[in-house]
Number of protein chains: 2
Amino acid sequence: MNKYAPPAFQLSARHLESVREAAGRIQGMVQRTPCFLNERLSQQLGCSLYVKAENLQPCGAFKVRGATNAVFAAAPDVIARGVLTHSSGNHAAAIARAASLRGVPAYIVMPENSAAGKIANVRAYGVEPVFCAPTADARQAKADELLAETGAYFIHPYNQADVIAGQGTMGLEILEQVPDVDLIVVPVGGGGMMSGILLAIKSLRPEVQVIGAEPEFADDAYRSLQSGRIEPPNRYDTIADGLRTPLGELTFPIIQSLMDDLTLVSEQAIVEATEELSYAAKLVLEPSGGVAYAAARKIASRHAGKNVVVIACGGNV
Amino acid sequence: MNKYAPPAFQLSARHLESVREAAGRIQGMVQRTPCFLNERLSQQLGCSLYVKAENLQPCGAFKVRGATNAVFAAAPDVIARGVLTHSSGNHAAAIARAASLRGVPAYIVMPENSAAGKIANVRAYGVEPVFCAPTADARQAKADELLAETGAYFIHPYNQADVIAGQGTMGLEILEQVPDVDLIVVPVGGGGMMSGILLAIKSLRPEVQVIGAEPEFADDAYRSLQSGRIEPPNRYDTIADGLRTPLGELTFPIIQSLMDDLTLVSEQAIVEATEELSYAAKLVLEPSGGVAYAAARKIASRHAGKNVVVIACGGNV
């Protein structure tokens with residue numbers, strides 16, 4: 001999918017190794033989530049549709065994978081004064097949980113328009129979030145300020161190698177759970193999940209297609225691929241609140257080099273797809289959790305008869 | 001739990017064997033559902049609370065286990081003219097699905113007040129239900145009539161050995177998934193799920209407590225245990241529509257002999273518990289699916305610190 005710029009990323013054996021190390025490190029602290037064939041949706045879409053139910057993770061989202069890996073990969077002296085992050089929600093709770101498991105303090109910066117349930121999830125781990133304006137710049141400024149104060153270890157929600165490797169464990173599981181997978185549809189926000197899955201899949205089974213799914217109202221990845229540089233979001237109001245973030249300097253080159261395609265979906269399609277997937281698969285899903293399925297529906301004619309996995313990435317409504 | 005009548009049931013090696021045979025027979029046609037520790041509810045109840053997510057089965061309920069086992073256990077000449085059943089819903093869809101997998105016709109009698117979604121689930125397998133009045137007698141009468149017409153093989157929703165053995169496969173999975181389980185809470189309607197789980201658990205790990213959960217508005221099992229004979233329901237209006245049925249001649253003696261205790265739960269408690277479990281575990285659940293958790297909440301002080309499994313038996317709302 002690299003049309004406009006030379007690839008800045010080279011896949012190597014150490015990338016797969018980082019994902020495998022993450023899988024060993026987080027085992028027992030995160031779930032191996034089911035990836036079940038859904039008969040009803042398979043019939044509707046004319047393919048074999050599998051749902052990877054990441055909403056069943058602790059904290060209700062895939063973010064526990066990367067957060068737990070990053071917290072436990074850090075050297076003791078690095079993490080002694082605690083961990084700090086900014087996040088619209090699911091990464092925040094995941095860091096709070098991982099810090100609690102490791103026994104270090106957590107400092108969490110959240111946009112003031114974060115979903116109430118996601119704020120409550122952070123508080124459930126005994127951490128009071130520090131709120132900021134709902135833009136990427138405001139998040140980072142508040143995080144920098146707090147970092148200087150506390151000396152904590154910063155764990156970015158997606159633009160960090162350990163986080164990316166942790167999310168990549170989903171890719172390893174998918175290959176074990178659906179060995180004959182043809183296509184995986186992955187939501188793209190900051191690109192951490194997509195990057196991790198690409199590292200795993202393109203190392204082990206490069207012929208498997210990996211397709212991004214992005215809201216039209218948060219089409220920064222789409223525009224970044226067009227322009228060849230990281231573009232900021234134009235607006236921050238997609239209902240898929242987990243996907244309101246720009247790509248990062250680590251995630252963009254991986255996506256630019258390895259991702260096969262990207263599909264944009266409308267707000268209406270996200271709402272419909274989330275309801276349909278929730279009803280058919282019996283999973284409570286947040287709108288971001290329905291975005292991959294929305295894309296799979298939109299491009300159904302392209303994968304007729306294929307084995308398609310959609311990531312239902314979170315359930316914190 | 002047998003206070004008023006001599007036990008009419010003796011557990012033997014062939015019971016466990018029937019469950020193990022069922023597990024082999026239905027493998028690949030039903031899911032091995034997850035049984036995940038829920039951190040939030042564990043904290044609330046002061047125990048380690050595991051949720052066996054049977055709503056993730058095809059057709060959205062555990063009933064596929066028994067139905068699939070019964071349809072595939074039948075000899076070819078027995079089932080050649082199709083299968084027939086009566087059910088308030090989930091067993092109906094499960095039989096329609098299993099018949100479709102085996103390639104034989106299905107005849108389904110459903111009470112006219114069955115949930116719309118459950119009727120739609122039967123139609124999804126190309127079968128038009130035959131409706132009857134919402135009582136056990138009316139169901140049976142309509143089924144008998146249709147049976148005489150078609151010569152189909154009757155598969156009772158719970159009072160049949162192959163169905164019970166199929167439901168028992170849940171018990172085998174729970175012992176593998178939570179090896180240190182102390183207590184399992186199981187909803188009781190007709191008693192098929194409870195009987196199957198008892199056959200598996202009391203054969204392999206008799207010290208594991210198995211507790212029934214029944215709506216106050218469908219307390220026939222509770223009254224049957226008191227009187228020592230099968231009592232009919234007094235009313236048919238509990239919101240937990242999957243549990244409106246009386247015990248059967250096969251299920252009652254098993255339950256009477258092997259079940260450790262039974263807890264009644266109010267309609268209000270069922271609604272609250274279903275919402276709480278659905279939110280915390282990110283599972284779409286029907287009210288019957290929340291009944292076991294409602295009972296676990298009610299008796300939480302009795303299992304503090306223990307490993308408790310609740311069956312979330314279905315998600316067809």
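Residues numbered from 1 in each chain as written. Chains lettered and ligands numbered in written order. Predicted model: local features only at pLDDT ≥ 70, side-chain atom pairs only at ≥ 80, totals over all residues. Heavy atoms only, no water.

Please explain the sheet that holds strand β2 (residues 48–53) of chain A as it appears in this structure.
Residue and element names in this part refer to chain A. In spatial order, the strands read β1-β2-β10-β7-β8-β9; together these six strands make up an open sheet with mixed pairing. Only two strands of the sheet have a single neighbouring strand rather than two, namely β1 (35–37) and β9 (261–265). Looking at each pair of strands side by side, their axes are set apart by 25 degrees on average, direction ignored. The sheet contact formed by strand β8 (residues 209–215) and β9 spans five bridges and is parallel. (Pairing = 2+ DSSP bridges. Helix = DSSP H or I, 4+ residues; strand = E, 2+ residues; numbered from the N terminus. Axes fitted to C-alpha atoms, helices over the stretch in contact; angles between N-to-C directions.)

Would you mind showing me how to read helix α12 (residues 267–281) of chain A here?
Because each turn of an α-helix spans 3.6 residues, side chains separated by three or four positions end up pointing in the same direction. All names here are of chain A. Between the first and last C-alpha of α12 there are 21 Å, a value that for 15 residues agrees with the 21 Å anticipated at 1.5 Å per step. Restricting attention to buried positions, one finds in α12 the residues Glu267, Ile270, Ala273, Thr274, Leu277, Ser278, Ala280 and Ala281. Those residues of α12 hidden inside the fold are in contact with α2 (39–45), β2, β8, β9, α13 (287–298) and β10 (307–312). The first or second residue beyond α12 is Lys282, which carries a positive phi of 60 degrees. (Expected span 1.5 Å × (residues − 1). Buried < 20%, exposed > 50% of the residue type's maximum accessible area, 1.4 Å probe, protein only. Contact = heavy atoms within 4.5 Å.)

Help me understand the interface of chain B and chain A in this model?
Many authors give the size of an interface as the accessible area that is lost as the parts come together. Each partner contributes to the interface: chain B provides 27 residues, whereas chain A provides 27 residues. Both faces combined, the contact of chain B with chain A buries some 1900 Å², and carbon together with sulfur accounts for 50% of it. It is Phe36, Glu39 and Lys282 of chain B in chain B that bury the most area against chain A; as a group they hold 35% of the surface buried on that side. Across the salt bridge formed by Glu39 of chain B and Arg97 of chain A, the nearest N and O atoms sit 2.5 Å from each other. Counting every contact that joins chain B to chain A gives 14 residue pairs in polar contact (both at pLDDT 80 or more). Among the elements of the structure, β1 (35–37), α2 (39–45), α6 (116–123) and α12 (267–281) of chain B are those that each provide at least two residues to the side of chain B that touches chain A. A per-class count over the side of chain B that touches chain A returns twelve nonpolar, ten polar and five charged. (Buried area = accessible area lost by both parts, 1.4 Å probe. Salt bridge = Lys/Arg side-chain N within 4 Å of Asp/Glu carboxyl O. Polar contact = N/O pair within 3.5 Å; in protein donor to acceptor, adjacent residues only side chain to side chain. Nonpolar A, V, L, I, M, F, W, Y, C, P; charged D, E, K, R; others polar.)

In this structure, what is going on with the relation of the copies chain B and chain A? I would like to understand it.
Put simply, the two copies of the chain differ by a rotation about an axis and a shift along that axis. Laying chain B over chain A is done by rotating through 180 degrees and shifting 0.0 Å along the axis; what remains is an RMSD of 0.0 Å. This pairing of chains is accounted for by a two-fold axis. Residue Leu283 of chain B, judged by its C-alpha, is the member of chain B lying nearest the rotation axis, at 2.3 Å. The fraction of interface residues of chain B whose copies in chain A are also interface residues reaches 100%, indicating that both copies meet through the same surface. (Least-squares fit on C-alpha atoms with pLDDT ≥ 70 in both.)

How should I be thinking about the packing of aromatic side chains in this particular structure?
The description of two aromatic rings rests on the distance between their centres and on the angle between their planes. Taken as a whole and judged by the stated rule, the model has zero aromatic pairs over all chains. Looking at Arg235 of chain B, its charged tip hangs above the ring of Phe217 of chain B, at a distance of 3.6 Å from the centre. (Phe/Tyr/Trp six-rings, centres within 6.5 Å; stacked < 30°, edge-to-face > 60°. Lys NZ or Arg CZ within 6 Å of the ring centre and 35° of its normal.)

Where do I start with the UniProt feature "domain: Tryptophan synthase beta chain-like PALP" (unreviewed entry) in chain A in this structure?
As recorded in UniProt, the sites labelled "domain: Tryptophan synthase beta chain-like PALP" (unreviewed entry) are residues 29–314 of chain A. For residues 29–314 of chain A, the helix share is 46%, the strand share is 16%, and the end-to-end C-alpha distance is 17 Å. (UniProt positions renumbered as here; feature names shortened; annotations may be inferred.)

What is the right way to look at the domain arrangement of chain A in this model?
Residues and elements named next belong to chain A. Taken domain by domain, chain A comprises domain 1 (13–62 + 160–312) and domain 2 (63–154). On a C-alpha basis, the centroid separation for the pair domain 1 and domain 2 is 23 Å. Interface area, domain 1 with domain 2, both sides summed: about 2200 Å², of which 53% is carbon and sulfur. With a closest N to O distance of 2.5 Å, Glu286 and Lys118 form a salt bridge. Where domain 1 touches domain 2, the interface holds 15 residue pairs in polar contact (both at pLDDT 80 or more). Every element with two or more residues in the side of domain 1 that touches domain 2 is listed here: α1 (13–26) and α8 (161–177). For the side of domain 1 that touches domain 2, the class distribution of residues is 13 nonpolar, nine polar and eight charged. (Domains from an automatic or database assignment.)

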